[in-house]
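# Descriptive structure summary
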Amino acid sequence: SLLLSDRVNAIQPSPTLAVSQKASELKAAGHDVIGLGVGEPDFDTPEFIKTAAKAAIDAGHTKYTAVDGIVPLKQAVIDKFKRDNQLDYELNQILISAGGKHSIFNLLSAWLNPGDEVLIPAPYWVSYPDMAKLVGAEPKFIQAGIEQRYKITAAQLAAAITPKTRLLFLNSPSNPTGTAYSKAELAELAEVLRQHPQVLIASDDMYEHILWADFPFANIAMAAPDLQHRIVLLSGVSKAYAMTGWRIGYAAGPAKLIAAMKKMQSQSTSNPASISQYAALAALNGDQSCIDTMVSAFKQRHDYLVDALNQIPGMRCIAGDGTFYTFANIEQMMADKGYATDIEWCEALLTEAKVALVPGTAFGAPGHCRFSFATDLDTLKEAVKRISAFANN
Ligand code: PLP
């Protein structure tokens, strides 16, 4: 028999991909399945971005580039941080990678040793714990429930840090909860982190632009400029510009760490696709109104969905600040209907009502399920109808 590595045996395949796989199988078998599992915008990549990619091909930008990305794109990322976040970076502090996930993987590979602890606020994005395990580190969770809008407090953070803690993940606005931290809340977390200089902060800003909170976007580097030398900002073009398939992410941080991440990349993937880099360049430097169009659609769907779900007996969700997800607490419904776990509940919903959701357990928050509303309003209305029927049955 084939003996696989301990490394690969320590991790699980992405559970969100598993749900969409099961939904696809049902669809292929002729069932009318509504998939609210996937985490990508339903919009097409804006036309001007596609045009830039076609022009890049015609101009012969089809060869290797610098490992860390073309200079104009790195400059566009610097300009973005200046424009949107009032933060200053140099070219040697920026690394372009093959998607946001790749940026995170490079960071973990370059920063963590086996046995190091990684603090992950839960609910979390599914990939953080397994990516930490992949490099031998130990994920440690800080639980934040619905009553605290799924956000950790400074006191919780202080209690969770140990001498072995080397990294803290922050993700705001959050996948899966849709809630965001205000600048003041981040400043409180920063106050704790100042006392623990061994902890690096990974700020995953992937949903920065998909935000409608009554406060402006902030990340921890904006809230605590004195900590910038201990912060890595992680983002990409996947969500804001409907470019999930192009695979471009970027990281900004201390030059020495970025150089180490670049070294990892140089011996694994090399440069991200040249054509995608030119597309991302157009996205970052182009007319940003394409984002507004998508965000207003997401907001409209969010408002409808949160209201409609709260009318379903046993289901409870809070208004989010952004993203295209809402996270519903289903503990009451599970109890009423006799489901022991959210996984069983989601399986029953898929089989009986033909609606695919991701169980909260995948995000470290049992008793919940995640709705992606990256789909049109009519589909969402049909999904709500089916879930109501399932709940009232
Ligand atoms: N970070 C968060 C919070 C995400 O939700 C995602 C995608 O689902 C990513 C990072 C990774 O994005 P990409 O598709 O660019 O790898």
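Residues numbered from 1 in each chain as written. Predicted model: local features only at pLDDT ≥ 70, side-chain atom pairs only at ≥ 80, totals over all residues.

### Some remarks on the overall build of the protein chain
The criterion, for reference: For helices the rule is a DSSP run of H or I covering at least 4 residues; for strands it is a run of E covering at least 2, with both sets numbered from the N terminus onward. Any residue with 12 or fewer other C-beta atoms within 10 Å of its own C-beta is exposed, any with 20 or more is buried, and the rest are partly exposed; the C-beta atoms used are placed from the backbone.
Along the backbone of the protein chain there are 15 helices and 13 strands. The C-alpha extent of the protein chain, read off along each of the three principal axes, is 60 × 55 × 55 Å. Counting the 393 residues in the protein chain, one finds 47% classified as buried.

### Considering the site of the ligand
Condition: Being near a molecule or strand means, for a residue, that its C-beta atom, positioned from the backbone, comes within 6 Å of it. Put simply, Ala, Val, Leu, Ile, Met, Phe, Trp, Tyr, Cys and Pro go in the nonpolar bin, Asp, Glu, Lys and Arg in the charged bin, and everything else, Gly too, in the polar bin.
As a matter of local geometry, the ligand sits amid 13 residues, with Gly 99, Gly 100, Lys 101, Asn 175 and Ser 238 nearest to it. Classifying every residue of the shell around the ligand gives 2 nonpolar, 9 polar and 2 charged.

### Considerations on the pairing of strand β7 (residues 231–236)
For clarity, the cut-off: Any two strands between which DSSP finds at least two bridges are classified as paired.
Of all 6 residues in β7, 6 are buried; the element is thus mostly enclosed. Pairing of strand β6 (residues 200–204) with β7 involves 4 bridges; the strand directions are parallel. Across the sheet, residue Ser 203 finds its bridge partner in β7, namely Leu 233. With 4 bridges joining them, β7 and strand β8 (residues 249–252) adopt antiparallel strand pairing. Across the sheet, residue Leu 234 finds its bridge partner in β8, namely Ala 251.

### Section: helix α4 (residues 71–85)
The condition that has to hold: By this rule, a helix spans an expected 1.5 Å times one less than how many residues it contains. Directions drawn from the helix axis to the C-beta atoms are what define this arc. Residue pairs qualify as contacts under a 7 Å threshold applied to their C-beta atoms, which are placed from the backbone.
Counted at 1.5 Å a residue, the expected span for α4 with its 15 residues is 21 Å, and the 20 Å between its end C-alpha atoms agrees. Within α4 the residues assigned to the buried category are Leu 73, Lys 74, Ala 76, Val 77, Lys 80 and Phe 81. Along the axis of α4, the buried positions cluster into a sector of 155 degrees, meaning they face one direction only. When the buried face of α4 is taken as reference, the exposed residues oriented beyond 90 degrees from it are Val 71, Lys 82 and Arg 83. Where α4 is buried, its residues touch β2 (94–97), β8 and α11 (274–285). Just past α4, the residue Gln 86 takes up positive phi, approximately 55 degrees.

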